[in-house]
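A closer look at the structure
The lines below spell out each chain.
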Amino acid sequence: MEYKVDVLSGGRITLPASLRKNLHIAEGDTITISEENGEVKILSQFQKLEMVHNLVRSLSAGDRSSWSEELIASRREEFSREEQSGS
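To keep things clear, this report deals only with the structure shown in the data block. Since this is a predicted model, take the numbers as computed values, not measurements.

1. A few points about the side chain of Ser44
Here Ser44 shows up in the loop between strand E2 (39-43) and helix H2 (45-60). Overall, Ser44 belongs to the buried group, its relative accessible area being 2%.

2. Points about the pattern of salt bridges
Following the criterion strictly, the structure yields two salt bridges and no others. Note that Glu36 and Lys41 form a salt bridge whose closest N and O atoms lie 3.9 Å from each other. The exposure class assigned to Glu36 is partly exposed, which follows from its relative accessible area of 40%. Linking Glu78 and Arg75 is a salt bridge whose minimum nitrogen-to-oxygen distance equals 3.3 Å. You can see Glu78 and its partner Arg75 sitting in helix H3 (residues 64-85), three residues apart, about one turn around the helix.

3. Regarding unusual backbone geometry
Even without a glycine there, the phi angle at His24 is positive, about 60°. Mapping His24 onto the fold places it in the loop between helix H1 (17-22) and strand E1 (32-36). Unusually for a residue other than glycine, Asn37 sits at a positive phi of about 55°. Residue position: Asn37 is located in the loop between E1 and E2. A residue is classified by how much of its surface remains accessible, and Asn37, at 81% relative accessible area, is exposed.

4. Some remarks on a nonpolar patch on the surface
On the surface, Val5, Val7 and Ile13 cluster together into a nonpolar patch covering about 250 Å² of accessible area. Relative to the assigned elements, Val5 resides in the segment before H1.

Reading guide: rules and limits
Residues numbered from 1 in each chain as written. Predicted model: local features only at pLDDT ≥ 70, side-chain atom pairs only at ≥ 80, totals over all residues. Heavy atoms only, no water. Helix = DSSP H or I, 4+ residues; strand = E, 2+ residues; numbered from the N terminus. Buried < 20%, exposed > 50% of the residue type's maximum accessible area, 1.4 Å probe, protein only. Salt bridge = Lys/Arg side-chain N within 4 Å of Asp/Glu carboxyl O. Patch = residues over 30% accessible without salt bridge, like charges linked within 9 Å, V, L, I, M, F, W, Y side chains within 5 Å. Areas by Shrake-Rupley, 256 points an atom, 1.4 Å probe, with all protein chains shown as cover.

Structure (structure tokens):
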């Protein structure tokens, strides 16, 4: 959905009530505004939290043993390089 709002003095804008309701934005909340590819993006705290939850969910869905194996292999390579350089 598209909304038309006016920019007031000091760069202030008023978000329409229906948009605030859809984005779970209440008075006193902090929102994130970013610019991506020339477009303005507004995210509520609720949306940011959902993004984090989805990221954690996607990471935990994978094979956790491979994470630990990759970490161990990385540490072994680092140790081997240090041993070879004499550090």
